[in-house]
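Tertiary structure, described
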Amino acid sequence: MSVVCCLMLSGCKTIQSIRSSWKASPDATHTERMKQLENQVEVLTSRLESLEYELRFNVAANQVSLGKYDDAIRAFREIVNLSPGSSYAADSLYEIAKIYKYHLKNPAKAVSTYEELLKRYPKSEFGREAAIEIAEGLSMLGKKAEALEQYQNFITKFGRDTYAEKAYFEIGDIYQQ
């Protein structure tokens, strides 16, 4: 109920902002007014789509909290499929990978999801973490040579930071085994 109220209030604020930005002069032609109206409809449609995917994302996140991991994966995957260009698509793939890794204890599916994330959204804010998670997952799967290569590629690509320090540590750990 509160989600619906928030959406309604958010929609009202959007409509109010559109009304207040309507600056059609009394001398505007019918064509000019129609063009302004079309632009305002575009803005409103875009905002409503954004709200829809935000709501879908929050519902999926709540399913994770409730332990409904398969339902959450389906909901996150639906966001990716319905709106691959939205800001929620990369976030959704990241969340799916985390579910596989931490909740379902399935490193193979986690690795493939992180790889999909990097392939589809190479400039995502999750790129660095996904790259290191792939190496960790490969190591967990016993694919030490692939993990070493992934860690070394990570260091080469991203340089020195806290993730690189982790990569160096993991490389050392693999060589000790």
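Residues numbered from 1 in each chain as written. Predicted model: local features only at pLDDT ≥ 70, side-chain atom pairs only at ≥ 80, totals over all residues. Heavy atoms only, no water.

A count of helical and extended segments in the protein gives eight helices and zero strands. Going from the N terminus to the C terminus, the protein shows its helices and strands as α-α-α-α-α-α-α-α. Looking at the 177 residues of the protein, the share that counts as buried comes to 35%. Sequence-distant contacts in the protein: of pairs separated by 6 or more residues, those separated by 24 or more amount to 44%. For the protein, the exposed surface amounts to about 11100 Å²; the carbon and sulfur share of it is 55%. (Helix = DSSP H or I, 4+ residues; strand = E, 2+ residues; numbered from the N terminus. Buried < 20%, exposed > 50% of the residue type's maximum accessible area, 1.4 Å probe, protein only. Contact = heavy atoms within 4.5 Å. Areas by Shrake-Rupley, 256 points an atom, 1.4 Å probe, with all protein chains shown as cover.)

Bringing the confidence of the model for the protein into the picture now. Residues with a pLDDT of 70 or more make up 85% of the protein, whose mean pLDDT is 85. Per-element averaging of pLDDT across the protein places helix H1 (residues 2–21) at the bottom with 48 and helix H5 (residues 107–120) at the top with 98. This stretch, residues 1–11, has a pLDDT under 50; its non-local contacts, to residues over four places away or in other chains, come to five contacts. (pLDDT = per-residue confidence, 0-100.)

For the rest of this paragraph, the subject is the nonpolar core. Counting residues in hydrophobic clusters, the biggest one holds 39 residues, and the most contacted among them are Phe76, Tyr114, Leu117, Tyr121 and Tyr151. In terms of residue count, the dominant contributor to this core is helix H4 (residues 87–103) (nine residues). Here Tyr151 is in contact with Ile132, Ala135, Glu136, Ala167, Glu170, Ile171 and Ile174, once residues within four sequence places are set aside. (Core = buried A, V, L, I, M, F, W, Y, C linked by side-chain atoms within 4.5 Å.)

Moving on to the packing of H5 against helix H6 (residues 127–140). Remark: H5 packs on H6, axes separated minimally by 9 Å, with the N-to-C direction vectors making an angle of 150°. Taken together, H5 and H6 sit at an angle that is classed as roughly antiparallel. Helix-helix and strand crossings are classified by hand; for H5 and H6 the assignment is left-handed. Contacts between H5 and H6 involve Pro107, Val111, Tyr114, Glu115, Leu117 and Leu118 from the first element and Gly127, Ala130, Ala131, Glu133, Ile134, Gly137, Leu138 and Met140 from the second. In terms of residue class, the contact of H5 with H6 is made up of 10 nonpolar, two polar and two charged. (Axes fitted to C-alpha atoms, helices over the stretch in contact; angles between N-to-C directions. Parallel < 35°, antiparallel > 145°, perpendicular 65-115°, else oblique. Left-handed = near helix turned anticlockwise from the far one by under 90°. Nonpolar A, V, L, I, M, F, W, Y, C, P; charged D, E, K, R; others polar.)

Turning to the packing of helix H7 (residues 144–158) against helix H8 (residues 162–176), a few remarks are in order. Contact geometry for H7 and H8: axes closest at 9 Å, N-to-C directions at 150°. Classified by the angle between their axes, H7 and H8 sit roughly antiparallel to one another. Every pair of crossing elements has a handedness; the one defined by H7 and H8 is left-handed. Contact residues: Lys144, Ala147, Leu148, Tyr151, Gln152, Phe154 and Ile155 in H7; Tyr163, Ala164, Ala167, Tyr168, Glu170, Ile171, Ile174 and Tyr175 in H8. Here the residues of the contact of H7 with H8 sort into 12 nonpolar, one polar and two charged.

This part covers the side chain of Asp161. Relative to the assigned elements, Asp161 resides in the loop between H7 and H8. From its side chain, Asp161 meets the backbone nitrogen of Tyr163 in a polar contact 3.0 Å long. Here Ala164 takes part through its backbone nitrogen, which lies 2.8 Å from a polar atom of the side chain of Asp161. (Polar contact = N/O pair within 3.5 Å; in protein donor to acceptor, adjacent residues only side chain to side chain.)

This part takes up the packing of aromatic side chains. Tallying each qualifying case throughout the model produces six aromatic pairs. Here the aromatic rings of Phe57 and Tyr88 are separated by 5.6 Å at their centres, their planes lie at 40°, and the arrangement is tilted. Taken together, the residues Phe57 in helix H2 (residues 30–65) and Tyr88 in helix H4 connect sequence positions 31 residues apart. One exposure class covers both Phe57 and Tyr88, and it is buried. Arranged with centres 6.4 Å apart and planes meeting at 80°, the rings of Phe154 and Tyr163 form a pair that is edge-to-face. The exposure class of Tyr163 is partly exposed, given its relative accessible area of 25%. (Phe/Tyr/Trp six-rings, centres within 6.5 Å; stacked < 30°, edge-to-face > 60°.)

Our next topic: H2. Between its terminal C-alpha atoms H2 stretches 52 Å, which fits the 52 Å expected from 36 residues at 1.5 Å a residue. Within H2, burial applies to Gln40, Leu51, Tyr53, Phe57, Ala60, Gln63 and Val64. A positive backbone phi angle near 80° is found at Gly67, which sits one or two residues after H2. (Expected span 1.5 Å × (residues − 1).)

A contiguous nonpolar surface patch, about 240 Å² in accessible area, is contributed by Met34, Leu37 and Val41. On the secondary structure map, Met34 appears in helix H2. A residue is classified by how much of its surface remains accessible, and Met34, at 33% relative accessible area, is partly exposed. (Patch = residues over 30% accessible without salt bridge, like charges linked within 9 Å, V, L, I, M, F, W, Y side chains within 5 Å. Salt bridge = Lys/Arg side-chain N within 4 Å of Asp/Glu carboxyl O.)

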